[in-house]
Amino acid sequence: MASRIKARKILEGRTLRSFGVVKCYLTLFVMPPSAVAAWSFIWTVATKFFIPQYLEKIHVMRVRVKHVDHPLDDKVPFDAGLLPVYMRFINFWVDTIAMLETKFGVWNGSRLGARLLRYLKLAYSSAYDIYSCCMTTTNRPACDDKGIKALRRADPHFFCVPSLHIAICVLDYFFYKKLFSDPGIDFTEGEKASWLSELKEEGFSIGRSVLFLKQHSVNCLPAALYMMCRITPDLFTPDDARTCISGLLPPAENIAPEDKAEITAYITGLFELLINDADGEKDWTLPLKNWLDSYQATE
């Protein structure tokens, strides 16, 4: 029987953002419980996300590139003001490991954080199984905002399907939902409820930002949800995906109700198409590859 991981502090009333990430960035790569997982994750991000895109941009790689735009994307207004939300993507999950190190001490906190890093590595590596066969991109509107221009200079924008922003938001929330249910790890009920609520709210905000900043098409979201159902069935189920889709566009967003309904129905339909594709029973990538082979973006 595994020993109980006891808390050093009760942290009710603190938000995940309040823990700060500087110490976490420094400790994850040197603490024995997390160093291997941290460096392995960084290597995967470099070799299976950033480097291949830049090699394609300078025409060293020759992987086919398809547009995955959809007419429904035009019904989502471009909003450059959401850039700070979009850029919260990385610290969104680093904040949580900083919380673990504060609550359980650096040794045990980094040990628990290493579990999340291994899932993150899996998400990037699995997405590359699709990217390496077919790169995907979308049209992005002209924008004079300096922050948007900097983002676009840094982002070659060839890895759209599946969306890793969506995949990681899903992964972070459902990883902690499972971790908080472990009776051997010492969280209070108040901490669990508060932090899950925060993760849910911010995860949805980041998820919406990828559409409003035109970094992804409506096609990219169900592809990510499908991938997570297949590669992390211990964390994320098709019913969880359906719940995520239904909550993606709340009434307050600047989209007409009938357009929201149409977008939600489309995302749901594509997700159901992928999850019910018999080709994916043995190889989860086949439904997505088949869809990419057949999809034609509408100009």
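Just so you know, these numbers come straight off a predicted model, no measurement behind them.

Caption draft 1: Here's a closer look at the overall build of the chain. A count of helices and strands for the chain gives twelve helices and two strands. Element order for the chain, N to C, with α for helix and β for strand: α-α-β-α-α-α-β-α-α-α-α-α-α-α. Relative to its length of 299 residues, the chain is compact, with a C-alpha radius of gyration of 19 Å against a globular reference of 19 Å. Each of the three principal axes of the chain carries a C-alpha extent, and together these read 55 × 45 × 45 Å. Sorting the 299 residues of the chain into buried and exposed places 54% on the buried side. At a minimum sequence separation of 6, the contacts of the chain that also span at least 24 residues come to 82%. Of the roughly 13,700 Å² of accessible surface on the chain, a fraction of 58% belongs to carbon and sulfur atoms.

Caption draft 2: A look at the packing of helix α7 (residues 164–180) against helix α8 (residues 189–212). Direction vectors running N to C along α7 and α8 enclose 170°, while the axes themselves pass 9 Å from each other. One way to sum up the angle between α7 and α8 is to call them roughly antiparallel. Residues H165, I166, C169, D172, Y173, Y176, K177 and F180 of α7 lie in contact with α8, whose contacting residues are K192, W195, L196, L199, K200, G203, I206, G207 and V210. Residue composition of the contact of α7 with α8, by class: ten nonpolar, three polar and four charged.

Caption draft 3: Focus on the nonpolar core. Grouped together as the largest cluster of nonpolar side chains are 102 residues, with contacts concentrated most on Y176 and F236. The greatest single-element share of this core, amounting to 13 residues, is contributed by α7. Residues in contact with Y176, not counting those within four places in the same chain, are T96, I97, M99, L100, L116, L196 and L199.

Caption draft 4: Highlighting the packing of aromatic side chains. Summed over all chains, the structure comprises 20 aromatic pairs. Taking 5.0 Å as the distance between ring centres and 90° as the angle between the ring planes, the aromatic pair formed by F49 and F50 counts as edge-to-face. Taking the relative accessible area as the measure of exposure, F49 reaches 17% and is therefore buried. You can call F50 partly exposed: its relative accessible area is 39%. Here the aromatic rings of F49 and Y124 are separated by 5.7 Å at their centres, their planes lie at 85°, and the arrangement is edge-to-face. With F49 in helix α2 (residues 35–57) and Y124 in helix α5 (residues 106–131), this pair connects stretches of sequence that are 75 residues apart. For the pair F49 and Y124, a shared accessibility class is recorded, and that class is buried. Members of the aromatic cluster, each reached through a chain of ring pairs, are F19, F104, Y119, F175, Y176, F180, F187 and W195. Over the ring of F104 we find K103, and its NZ or CZ is 5.8 Å from the ring centre.

Caption draft 5: Spatial organisation of the confidence of the model for the chain. Per-residue pLDDT for the chain has a mean of 94; in total, 98% of the residues score no lower than 70. Across the chain, element-level confidence peaks in helix α9 (residues 220–231) with a mean pLDDT of 98 and bottoms out in helix α1 (residues 22–28) with 92.

Caption draft 6: Representation of the side chain of H165 within the structure. Here H165 lies in helix α7. Among the residues examined, H165 registers a relative accessible area of 10% and is labelled buried. When sequence neighbours within four positions are dropped, the list of residues in contact with H165 reads Y86, F89, I206 and V210.

Cut-offs and rules
One numbering rule holds for all chains: residues counted from 1, following each sequence as written. Totals for whole chains, interfaces and linings use all residues, but because this is a predicted model, local features are given only for residues with pLDDT of at least 70 and pairs of side-chain atoms are given and counted only at 80 or more. Side-chain numbers here rest on the full set of heavy atoms in the structure, without hydrogens or water. What counts as a helix is a DSSP run of H or I of at least four residues, what counts as a strand is a run of E of at least two, and both are numbered from the N terminus. Radius of gyration here uses only the C-alpha atoms, and the compact-globule reference equals 2.2 Å multiplied by the residue count raised to the power 0.38. Type-normalised accessible area, obtained with a 1.4 Å probe on protein chains alone, sets the label of each residue: buried when under 20%, exposed when over 50%, and partly exposed for intermediate values. Contacts between residues were defined by any pair of non-hydrogen atoms, one from each residue, lying within 4.5 Å. Here the open area of atoms and residues is found with the Shrake-Rupley method and a 1.4 Å probe, where only the protein chains shown may cover a residue. For every element, the axis is a line fit to its C-alpha atoms; helices are fit only across the contacting stretch, and the angle between N-to-C directions ranges from 0 to 180 degrees. Should an angle fall under 35 degrees it is called roughly parallel, over 145 degrees roughly antiparallel, and 65 to 115 degrees roughly perpendicular, with every other angle called oblique. By the convention adopted, Pro, Cys, Tyr, Trp, Phe, Met, Ile, Leu, Val and Ala count as nonpolar, Lys, Arg, Asp and Glu as charged, and the other residues, Gly among them, as polar. Note on terminology: a nonpolar core comprises buried Ala, Val, Leu, Ile, Met, Phe, Trp, Tyr and Cys residues joined through side-chain atoms within 4.5 Å. Classification of ring pairs rests on two measures: the distance between centres of Phe, Tyr or Trp rings, Trp counted by its six-membered ring, which must be within 6.5 Å, and the angle between planes, read as stacked under 30 degrees, edge-to-face over 60 and tilted in between. In this analysis the charged atom, NZ for Lys or CZ for Arg, is taken to sit over a ring once it is within 6 Å of the ring centre and within 35 degrees of the ring normal. Per-residue confidence from the prediction method is given by pLDDT, with values spanning 0 to 100.

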